[in-house]
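# Residue-level structural notes
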Amino acid sequence: MSSIVTPEFTRGLPKAELHLHIKGTLEPELKLKLAKRNNVDIGQETIEDVQKTYDYHDLASFLAVYYPAMNVLQTEEDFYDLAWAYLTKAAANNVRHVEIFFDPQAHTSRGIPFETVINGLYRATVDARALNVDAHLIMCFLRDFSKESARLTLQEGLKYRDKIIGVGLDSDEHNNPPLKFARQFEDAAAAGLHLTTHCDIDQKDSIEHIRQALEIMEVERLDHGTNIVEDPDLVELVAKRQIGLTSCPLSNGFVSPEMKGEEIISLLKAGAKISINSDDPAYFKGYISDNYYALAQKYQLSQEQIVQLAKNSFESSWISQKQKELYLAEIDSYVAKFSK
Ligand code: HPA
Ligand code: ZN
């Protein structure tokens, strides 16, 4: 295997994307188009105006820019268009399987019906089969909202049980530990849903949150979660249980001083199922292949390491063992062809 990782290699490599917020894929062009279509004044008229607001250095300052933009999403068609735009990019990046986060409360809290959101997004995931992308939805609770709001959201979500594969937690982690939602996670698991949670980068209680998620809530994946390197026992636990860690290098570089490449490499070496993802690509300047390439370039990753990260993405995805093996074989034949 050649050891040079090129942008072409990372783009064509078959991969799964497991950490992608659909509203984080809202590109300035679509934002302006939807604002016009729905007569919503966002105070921005040009792409430059929109980009000027993209000023953040940590999770809280990012979320402060991110949420107000949601106002442009009003109708089922808007949600469809948003998801479709992402899915066409996913196809161009050879994302073969994607598990997409959506946050119903970011929309129901401003008067948009749950069904408008899910029907638009779900229809795009069905249409994505024509793009050769297998797409699914993970419903996230906003962790800075109340437990009661999460309970009502789960109740509503379960009416669409067949359109959702799992639940997660996102938004502001500060003083919002995973355990706050233990009851909702238990109920979701009882309904057969998969479990994941954000354990964001460099939080006040990162290790305690990771511990709760793994030891008490028994999640199957951690979104981000790279602070786990601070606790070797927990690293051993995720490697042993084959818990997925969904890392997002470009996003890391925006909310912290670096991409966390050292942590990613160390987890890879420890045998943890760490994968590479794009988080909020419209805001963090890059889709999934850009994340693979930026990491490879900055930290001199070998082709073998990049391939292992892609294999981890399928191995930690919520698909059957048989399906996993098919995707892993696709990677092997891609690499064989590429190295010829
Ligand atoms: N963390 C928490 N909330 C988020 C994120 C994230 O990485 N991206 C979008 N909402
Ligand atoms: Zn995220």
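The preceding data block contains the structure.
So, a few notes on the structure that sits alongside this text. (Residues numbered from 1 in each chain as written. Chains lettered and ligands numbered in written order. Predicted model: local features only at pLDDT ≥ 70, side-chain atom pairs only at ≥ 80, totals over all residues. Heavy atoms only, no water.)

### What to know about the nonpolar core
If you look at the biggest cluster of nonpolar residues, it comprises 103 residues, and the most contacted ones within it are Leu13, Tyr86, Leu214, Leu222, Ile228, Tyr283 and Leu309. If one sorts the elements of this core by residue count, helix 5 (residues 76-92) sits on top with seven residues. When near neighbours in sequence (up to four residues on either side) are disregarded, tyrosine 86 contacts Glu17, Leu20, Ile22, Thr25, Val95, Val98, Ile100 and Tyr287. The next biggest cluster of nonpolar side chains, apart from the first, holds five residues, and it includes Phe101, Cys140, Ile165 and Trp318. (Core = buried A, V, L, I, M, F, W, Y, C linked by side-chain atoms within 4.5 Å. Buried < 20%, exposed > 50% of the residue type's maximum accessible area, 1.4 Å probe, protein only. Helix = DSSP H or I, 4+ residues; strand = E, 2+ residues; numbered from the N terminus. Contact = heavy atoms within 4.5 Å.)

### As for the packing of aromatic side chains
Across all of its chains, the model carries 19 aromatic pairs by this definition. Here tyrosine 56 and phenylalanine 62 contribute two aromatic rings whose centre-to-centre distance is 5.2 Å and whose plane-to-plane angle is 90 degrees, an arrangement assigned as edge-to-face. The class for tyrosine 56 is buried, based on a relative accessible area of 8%. Residue classification places phenylalanine 62 among the buried residues on the basis of a relative accessible area of 3%. When the ring of phenylalanine 141 is compared with that of phenylalanine 181, the centres are 6.4 Å apart and the planes differ by 10 degrees; the resulting orientation is stacked. One end of the pair, phenylalanine 141, is in strand 3 (residues 134-142); the other, phenylalanine 181, is in the loop between strand 4 (166-170) and helix 9 (182-190), and 40 residues separate them in sequence. (Phe/Tyr/Trp six-rings, centres within 6.5 Å; stacked < 30°, edge-to-face > 60°.)

### Looking at the coordination of the zinc ion (ligand 2)
Taken together, the protein donors to the zinc ion (ligand 2) comprise His19 (NE2), His21 (NE2), His198 (NE2) and Asp279 (OD), at separations of 2.1 to 2.2 Å. Written as a sequence motif, the donor residues of the zinc ion (ligand 2) are H-x1-H-x176-H-x80-D. Of this pair, histidine 19 sits in the loop between strand 1 (15-17) and helix 2 (28-37) while aspartate 279 sits in the loop between strand 8 (273-276) and helix 14 (288-299), and the two are 260 residues apart along the sequence. Its relative accessible area of 0% is what places histidine 19 among the buried residues. (Donors = N, O, S within 2.8 Å, 3.2 Å for Na, K, Ca; no water.)

### Topic: the side chain of histidine 19
A polar contact of 3.0 Å, which involves the side chain of histidine 19, links it to the side chain of threonine 246. A polar contact is formed between the side chain of histidine 19 and the side chain of aspartate 279, at a distance of 2.8 Å. (Polar contact = N/O pair within 3.5 Å; in protein donor to acceptor, adjacent residues only side chain to side chain.)

### A short note on the site of ligand 1
Taken together, His21, Leu59, Phe62, Leu63, Tyr66, Asp170, Ser171, His198, Asp200, His224, Asp279 and Asp280 form the complete shell of residues around ligand 1. Serine 171 is positioned such that a nitrogen or oxygen atom in its backbone is 2.9 Å from a nitrogen atom of ligand 1. In this structure, histidine 224 approaches ligand 1 through a side-chain N or O atom, which is 2.9 Å from an oxygen atom. Ranked by the residues each element gives to the shell around ligand 1, the list is headed by helix 4 (residues 59-66), at four residues. Among the residues making up the shell around ligand 1, the classes are represented as four nonpolar, four polar and four charged. (Near = heavy atom within 4 Å. Nonpolar A, V, L, I, M, F, W, Y, C, P; charged D, E, K, R; others polar.)

### Things to note about the side chain of aspartate 200
With respect to the helices and strands, the residue aspartate 200 is situated in the loop between strand 5 (194-199) and helix 10 (206-216). Excluding residues that lie within four positions of it along the chain, aspartate 200 makes contacts with Leu59, Ser171, Glu173, Ser206, Asp223, His224 and Asn227.

### Focus: the pairing of strand 8
Going residue by residue along strand 8, you find Lys273 and Ser275 tucked away on one face and Ile274 and Ile276 tucked away on the opposite face as well. Note: strand 7 (residues 244-247) against strand 8, four bridges, orientation parallel. For threonine 246, the partnering residue across the bridge sits in strand 8 and is serine 275. (Pairing = 2+ DSSP bridges.)

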